[in-house]
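Below, each chain spelled out in residue letters.
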Amino acid sequence: MAGLPRAALNYLERELELGLEAIPLRAPGMREQGRPGVDSSLVEPAIRQAADLDVLREVLGDCRRCKLCSDRSNIVFGVGNPDAGLMFVGEGPGEEEDKQGVPFVGRAGALLTDIITKGMGLRREDVYIANVVKCRPPGNRNPQPDEIVACEPFLARQIEIIEPKVLVSLGTFATQALLKNRIAISKQRGVWSDYNGVPLMPTFHPAYLLRNPSGKRIVWGDIKLVMQKMGISPLARR
Ligand code: URA
């Protein structure tokens, strides 16, 4: 497999871990170029052509592309600096996010804000925060595959537009959706991966940390790797 691009190698290594025995010419969910991501032939041209986040938000409109539209109060598109070097990707809005239309503003959000501000010494406005699905799954259930597939082109385009230097995926769903695998977060966290050329660090979801505070030390270790990669000095922390 020598000579293959890193992203393709990562993909194949994961498939082998999952028991792949033969290499399909084009695996489901892979782009024609062989990169993990959204099959561009299936993406609405308006999404691919959206030049900035405002245009992309307009394309999303009053979205009815999946069944999550029926219970939501607000679409939670994303928040932060459109030129951010660092982008966090969560799972989907909870109750508070659905009310306010802003990601990570509930209890888990307060913890993420602490990680960004107290931990990294950045401001929330310095980074960009988005979710895999933009509408709240009823009762905070897990997002379902059809919902993730419907929303994925918007997340993919957000990442293309923002061009972050580093991505941090929070929890199982964000990590598995971005890396197109089914590997447990406990096995992928803390290890650099690659999303279409962008270094991606998977870590535990802040909601998990609310239930398992002992995981905070582990997440802090992952975040220190992110700071190192971005050249953020721990001494500069506020
Ligand atoms: N959990 C998430 O994954 N995203 C949010 O926006 C809030 C909680």
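The coordinates are above.
Heads up: these notes are all about the structure in this document. (Residues numbered from 1 in each chain as written. Predicted model: local features only at pLDDT ≥ 70, side-chain atom pairs only at ≥ 80, totals over all residues. Heavy atoms only, no water.)

Section: the packing of aromatic side chains
Considering all chains together, one arrives at 1 aromatic pair under this definition. The interplanar angle of 35 degrees and the centroid separation of 4.6 Å between the aromatic rings of Phe-204 and Tyr-208 together place this pair among those described as tilted. A residue is classified by how much of its surface remains accessible, and Tyr-208, at 30% relative accessible area, is partly exposed. For Lys-229, the ring lying beneath its charged end belongs to Trp-192, and the centroid distance is 4.6 Å. (Phe/Tyr/Trp six-rings, centres within 6.5 Å; stacked < 30°, edge-to-face > 60°. Buried < 20%, exposed > 50% of the residue type's maximum accessible area, 1.4 Å probe, protein only. Lys NZ or Arg CZ within 6 Å of the ring centre and 35° of its normal.)

Focus on the site of the ligand
What surrounds the ligand is the set Gly-90, Glu-91, Gly-92, Glu-97, Pro-103, Phe-104, Asn-131 and His-205. If the ligand stood free it would expose 240 Å²; the protein chains cover 92% of that surface. The residue makeup of the shell around the ligand, split by class, is 2 nonpolar, 4 polar and 2 charged. (Near = heavy atom within 4 Å. Areas by Shrake-Rupley, 256 points an atom, 1.4 Å probe, with all protein chains shown as cover. Nonpolar A, V, L, I, M, F, W, Y, C, P; charged D, E, K, R; others polar.)

Re the packing of helix α6 (residues 145-162) against helix α7 (residues 171-179)
Taken N-terminus to C-terminus, the directions of α6 and α7 make an angle of 75 degrees; their axes are 11 Å apart at the nearest point. What the angle tells us is that α6 and α7 run roughly perpendicular. Across from Ile-148, Glu-152, Leu-155 and Ile-159 in α6, the residues of α7 making contact are Phe-173, Ala-177 and Leu-178. Counted by class, the contact of α6 with α7 contains 6 nonpolar, no polar and 1 charged residues. (Axes fitted to C-alpha atoms, helices over the stretch in contact; angles between N-to-C directions. Helix = DSSP H or I, 4+ residues; strand = E, 2+ residues; numbered from the N terminus. Parallel < 35°, antiparallel > 145°, perpendicular 65-115°, else oblique. Contact = heavy atoms within 4.5 Å.)

Some thoughts on the nonpolar core
Among the nonpolar cores identified, the biggest contains 35 residues, and Met-87, Val-89, Tyr-128, Val-132, Leu-155 and Leu-167 are the most heavily contacted of them. When residues of this core are assigned to their parent elements, the largest contribution, 8 residues, is made by α6. In this structure Val-132 touches Val-89, Gly-90, Glu-91, Ile-148, Cys-151, Leu-155, Phe-173, Ala-174 and Ala-177, once residues within four positions along its chain are discounted. Grouped together as the second largest cluster of nonpolar side chains are 23 residues, Leu-112, Val-166, Val-168 and Met-201 included. (Core = buried A, V, L, I, M, F, W, Y, C linked by side-chain atoms within 4.5 Å.)

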